[in-house]
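Coordinate inspection notes
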Amino acid sequence: MANKTKQEWHDTTLAPALKRAAERQDKFETSSGAEIDTVYTSEDLPEFDHVRDLGYPGEYPFTRGVQPNMYRGRIWTIRQYAGFGTAEETNQRYRYLLEQGQTGLSIAFDLPTQIGYDSDHPLARGEVGKVGVAIDSLRDMEILFQDIPLDKVSTSMTINATAPILLAMYIVLGKRQRVESTELNGTTQNDILKEYIARGTHIFPPRPSMRLATDIFAYCAKHVPRWNTISISGYHIREAGSTAAQEIGFTLADGIAYVQAAIDAGLDVDTFAPRLSFFFNSHINFLEEIAKFRAARRLWAKVMRERFEAKDSRSWMLRFHTQTAGCSLTAQQPHNNIVRTALEALAATLGGTQSLHTNSFDEAYAPPSEEAVTIAVRTQQILGYESDIAHVVDPLGGSYYIEHLTDSLEKEAAEYISKIDSIGGAVAAIEQGYQQREIQDSSYRYQKEIESGKRTVVGVNRFVSPYPKIVGLLRVKPEVEKRQRERTAQVRKDRDNAKAKQALKRLEDVARSKDNTMPAFLECVDAYATEGEICDVLRKVFGTQKEFLVF
Amino acid sequence: MSKGRIRVLLAKPGLDGHDRGAKVVARALRDAGMEVIYTGIRQTPEMIVEAAIQEDVDVIGLSILSGAHLELFAPIIQGLKKKGREDVLVIAGGIIPEDDVPALQQTGVKAIFGPGTSTGDIIKFIQNEMTQRSTR
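Below: a short report on this structure. (Residues numbered from 1 in each chain as written. Chains lettered and ligands numbered in written order. Predicted model: local features only at pLDDT ≥ 70, side-chain atom pairs only at ≥ 80, totals over all residues.)

When helices and strands are counted, chain B shows five helices and five strands. Going from N to C terminus, chain B has its helices and strands arranged as β-α-β-α-β-α-β-α-β-α. Since a compact globule built from 136 residues should have a radius of gyration of about 14 Å, the 14 Å found for chain B is in line with a globular shape. For chain B, the spread of C-alpha atoms along the three principal axes comes to 35 × 35 × 25 Å. Here chain B, with 136 residues, has 49% of them falling under the buried criterion. Across chain B, the fraction of contacts at a sequence separation of at least 24, relative to all contacts at a separation of at least 6, is 74%. (Helix = DSSP H or I, 4+ residues; strand = E, 2+ residues; numbered from the N terminus. Rg over C-alpha atoms; globule rule 2.2 N^0.38 Å. Buried ≥ 20, exposed ≤ 12 C-beta atoms within 10 Å, placed from the backbone. Contact = placed C-beta atoms within 7 Å.)

Rendered as structure tokens:
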């Protein structure tokens, strides 16, 4: 091979072989449709500079990982998103997961909780406890964390429009357990922009929503220093159908909008940026996903250092949670999902994730059964404790293809960010439907590829065969809604009503002012004001926002 | 049926924001020559019935992934009946366990298209139903 160029190899060796037998496909492509070459060599990395582009783990630009020794200290946090029914049932599932060796909690809230309605609101009909646990007041949180000491766990909450309320409940619950707010560990998703783009649980218009988000940044910087104040999420953007490059481009553009909003609110970048965190999808394109995580890390480091001139190295680090791709699961031959999930989980760990949720094989039907979630947890334990992948940092670093793909994904994502900058930033682009339209085009193309057979989905459009029905699916019983309504009515009866009213009035005043809203939320939840009551106050002050519908 | 193009209302009852499927189906039906009205997310049964009547549609497609289908589909069918529009073809898609399908069909949902359905199958189903109805 000595002095041959890639072109010469192509002409002398590859071309004759292709003449004898054509390849499986006319073209091989990335998720964004970029063509993949047969093989990659140093010729594909003409400007590659090991020091500048990779560096060492734990050092700028963090391509190889945010910690110097990564999983050699401890493996990623095994964090399964879980919640259903009432607080009692979910508390049992949490204790089961902790017994199985899970290392962090992740609360799934039901939709009424996410959208600011109590369980007895007419719009909550049929939704109580379905996709997550119903939390109406501090009373529910007390039950949810029964016998789980808050100084011993870290808790992630998938909560956005109502994030300050749930965070306030967690802080007050800590106080009840005699745990100081400075000892609390966890994350509030608190990423409203991707709700407008892809997930749909927004309540208020963008401007007051951005204020609530940055109020959390400012409050936690002082009082809850170990809290991850936001989890800027590409996960749902990808689930909605984006490409890998769009996932990082749109997510980092959202990140830029939050950083700018906090700076505009008078915060110094290095006081809040170290507590920003991210959340990505791990899809079925194994190699592309590994490169995606590395590209996102390098691009964010540059954004924070160059664009925002952050000085603290922790402000440059993109720390992230990963969930395997829900949209890659199939209802057909559901046990195949175990393999898909393992492959996606492997990509996340080779990409250097800080925590991981592995989907359960039955999730194309219902929230996971105990049997299914146990396999999902064991999958991570096999990767982390049984195989050798956690023994070394960034084992694929230096692979010609992975480095080439990391470069090209970073470039593509940076182009999306420039485009969004030129529109006037993430909020303006959302209002015009830019990201939504881009995602819809990608998801339609993806669907067409499946239907034309260009993209294989095993058990769906190829290798189709009969499969047994899954038994033991989790069902949330209709009594749950009734029980939850009754409890919330009882809370309203038992509490000091004057105190609750007074706290709600103070919240209204603060919401109308420019002051930080967090202390008023703490007072409201402490007085057992319900989430719906609190959101009614905010809806009155801020108004509501309809979906930025593009169709 | 003497009308030309098939008119379809695609709606998302319930509170979940997963609209990928609804939007993909909307586009596929439109590409197949149907007239498609998409309501967007968070529609109540009442809003959906109202929109279907206002838009004088032949078909309603319901997309839901929140698990509230048993509670929310029945009032839609009842609402249509009340307005004398039980002729409207109602179909659905999303995350719906197989065990719930018979109950939903009994209420009057004609077909449930689960994950992995080809949009071509949905198009064919609607076209067949419409042809049968016009020749009845």
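This brings us to the overall build of chain A. Looking only at helices and strands, chain A has 22 helices and 10 strands in total. Here the C-alpha radius of gyration of chain A, 24 Å, is about what a compact globule of 551 residues would show, namely 24 Å. Long-range contacts, defined here as pairs at least 24 residues apart, represent 78% of the contacts in chain A between residues at least 6 apart.

All names here are of chain A. A cis amide bond links Tyr 60 with the next residue in sequence, Pro 61, at an omega value of 0 degrees. Mapped onto the secondary structure, Pro 61 falls in the loop between helix H2 (50-54) and strand S1 (77-78). Despite not being glycine, Asp 147 has its phi angle at roughly 60 degrees, a positive value. Using a count of 7 C-beta atoms within 10 Å as the deciding quantity, one classes Asp 147 as exposed.

All names here are of chain A. One open sheet holds the five strands; their spatial order is S2-S3-S4-S5-S6, and the pairing between them is parallel. Where the open sheet ends on each side, the last strands, each with one partner, are strand S2 (81-82) and strand S6 (227-228). Here strand S4 (residues 154-157) runs beside strand S5 (residues 185-188); their pairing, made up of four bridges, is parallel. Paired with Ser 156 across the two strands is Thr 187, which belongs to S5. (Pairing = 2+ DSSP bridges.)

Attention now moves to the interface of chain A and chain B. Across the contact, 32 residues belong to chain A and 27 residues belong to chain B. Of all the secondary-structure elements, those providing two or more residues to the side of chain A that touches chain B are helix H4 (111-115) and helix H18 (434-452) of chain A. For the side of chain A that touches chain B, the per-class residue count stands at 16 nonpolar, nine polar and seven charged. (Nonpolar A, V, L, I, M, F, W, Y, C, P; charged D, E, K, R; others polar.)

Another point: the pairing of strand S2 (residues 35-38) of chain B. With burial as the criterion, only one face of S2 of chain B is covered, namely that bearing Val 36 and Tyr 38 of chain B; the residues Glu 35 and Ile 37 of chain B on the opposite face remain uncovered. Handedness of the strand S1 (residues 7-11) of chain B-helix H1 (residues 20-31) of chain B-S2 of chain B crossover: right-handed. (Right-handed = clockwise from strand over helix to strand, strands pointing away.)

Quick look at the sheet that holds S2 of chain B now. As a general point, the strands of a sheet are linked pairwise by backbone hydrogen bonds and lie either parallel or antiparallel. Residue and element names in this part refer to chain B. Taken in spatial order, the five strands line up as S2-S1-S3-S4-S5 in an open sheet, and their pairing is parallel. Looking at strand neighbours, the two that pair on one side only are S2 and strand S5 (111-113), the edges of this open sheet. Adjacent strand axes in the sheet meet at a mean angle of 20 degrees when their direction is disregarded. Relative to S5, strand S4 (residues 89-94) is paired through three bridges, and the arrangement is parallel. (Axes fitted to C-alpha atoms, helices over the stretch in contact; angles between N-to-C directions.)

All names here are of chain A. In the sheet, strand S3 (residues 105-107) pairs with S4 via three bridges, with the strands oriented parallel. Paired with Ser 106 across the two strands is Ser 156, which belongs to S4. Following the chain from S4 across helix H6 (residues 163-176) to the adjacent parallel S5, one finds a crossover that is right-handed.

Residues and elements named next belong to chain A. In this model, helix H3 (residues 87-99) (13 residues) spans 18 Å end to end at C-alpha, consistent with the 18 Å of a helix rising 1.5 Å per residue. For H3, the full list of buried residues reads Ala 87, Thr 90, Arg 93, Tyr 94 and Leu 97. Within H3, the buried residues cover an arc of 120 degrees as seen down the axis, which keeps them to one side. Of the surrounding elements, those touching the buried residues of H3 are S2, S3 and helix H5 (138-144). Downstream of H3 by one or two residues, Gly 101 has phi in the positive range, about 100 degrees. (Expected span 1.5 Å × (residues − 1). Arc of directions from axis to C-beta.)

Another point: H1 of chain B. An α-helical turn contains 3.6 residues, so a residue and the one three or four places further along point in the same direction. Taking 1.5 Å of rise per residue, the 12 residues of H1 of chain B would be expected to cover 16 Å, and the 17 Å separating its terminal C-alpha atoms lies within 8% of that figure. Burial runs high along H1 of chain B: nine of the 12 residues are buried. Among all positions in H1 of chain B, only Arg 20, Gly 21, Ala 22, Lys 23, Val 25, Ala 26, Arg 27, Ala 28 and Leu 29 of chain B are buried. Contact partners of the buried residues in H1 of chain B: H18 of chain A together with S1, S2, strand S3 (59-64), S4 and helix H5 (119-135) of chain B. The positive-phi residue at the C-terminal boundary of H1 of chain B is Gly 33 of chain B, with phi of around 95 degrees.

A word on the environment of Ala 262 of chain A. Residue and element names in this part refer to chain A. Positionally, Ala 262 belongs in helix H10 (residues 244-264). Each C-alpha atom, one on Ala 262 and one on Thr 214, is 5.5 Å from the other, the two residues being 48 residues apart in sequence. For Ala 262, the contacting residues outside a window of four places in its chain are Thr 214, Phe 217, Leu 267 and Phe 272.

Turning to the packing of helix H8 (residues 206-223) of chain A against H10 of chain A, a few remarks are in order. Residues and elements named next belong to chain A. Between H8 and H10, whose axes approach to 10 Å, the crossing angle comes to 75 degrees. Between H8 and H10, the angle falls in the class roughly perpendicular. On H10, the residues that touch Met 210, Ala 213, Thr 214 and Phe 217 of H8 are Tyr 258, Ala 261 and Ala 262. Looking at the contact of H8 with H10 residue by residue, the classes come out as six nonpolar, one polar and no charged. (Parallel < 35°, antiparallel > 145°, perpendicular 65-115°, else oblique.)

That's the geometry; what it means functionally is another story.
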